[in-house]
Amino acid sequence: MANMLIPIEERNLSPEEVAHLDARRRRGQLLIVIGFQTAIVATVLTLWSGQDATYSPGFAHPVLYWNLLVAAVSLTCFVTGLRLRRGLNEFFSY
C-alpha cells in the first residue's frame, strides 16, 4: 500500500530526484535556522538602533541601517527557507 503521507507528485520519483528533493529541504532548514539567528541579533540591535536614531545627527545612523539590513536578511532567509521546505510533513527533517 502506498504511503498516503507523501504528496502525489513525490510518489514516483527516481533516487536522484529524491536526493535533490532532500537536499532542497535541508537547505531550507538551514535558511530557517539562519533566519532565526539573525532575528535574535536584530532584536538585540533594536536597543542600540533606537539610541542611534535619537542621538546621531542628520543621516548618520549606522546602527539603525545595520539593524534594518539584519532584519531584512532575517526575513528573506526565513521566507526562502519556508519556501524550500514546502511539502515536508515533519517539523524536523533530521
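For the structure, check the block above.
Everything in this summary refers to the structure shown in the same document.

Parameters at a glance
Residues numbered from 1 in each chain as written. Predicted model: local features only at pLDDT ≥ 70, side-chain atom pairs only at ≥ 80, totals over all residues. Heavy atoms only, no water. Helix = DSSP H or I, 4+ residues; strand = E, 2+ residues; numbered from the N terminus. Buried < 20%, exposed > 50% of the residue type's maximum accessible area, 1.4 Å probe, protein only. Contact = heavy atoms within 4.5 Å. Areas by Shrake-Rupley, 256 points an atom, 1.4 Å probe, with all protein chains shown as cover. Patch = residues over 30% accessible without salt bridge, like charges linked within 9 Å, V, L, I, M, F, W, Y side chains within 5 Å. Salt bridge = Lys/Arg side-chain N within 4 Å of Asp/Glu carboxyl O. Expected span 1.5 Å × (residues − 1).

This next bit is on the overall build of the protein. When you go through the protein residue by residue, the secondary structure sums to 2 helices and 0 strands. Burial analysis of the protein (94 residues in total) assigns 24% to the buried set. Contacts in the protein between residues far apart in sequence, at least 24 positions, make up 66% of those at least 6 positions apart. Roughly 7000 Å² of accessible area belongs to the protein as shown, and the carbon and sulfur atoms make up 70% of that amount.

As a further point, take a nonpolar patch on the surface. Taken together, the side chains of Ile 40, Val 44 and Trp 48 make up a nonpolar region of the molecular surface, amounting to roughly 320 Å² of accessible area. By secondary structure assignment, the location of Trp 48 is in helix H1 (residues 15-55). Owing to a relative accessible area of 49%, Trp 48 belongs among the partly exposed residues under this scheme.

Here the focus is helix H2 (residues 62-84). Owing to its 3.6 residues per turn, the α-helix aligns residues three or four sequence positions apart on the same side. In this model H2 runs 33 Å from its N-terminal to its C-terminal C-alpha over 23 residues, within 8% of the 33 Å that 1.5 Å per residue would give. Within the span of H2, buried status applies to Asn 67, Val 70, Ser 74, Cys 77, Gly 81 and Leu 84.

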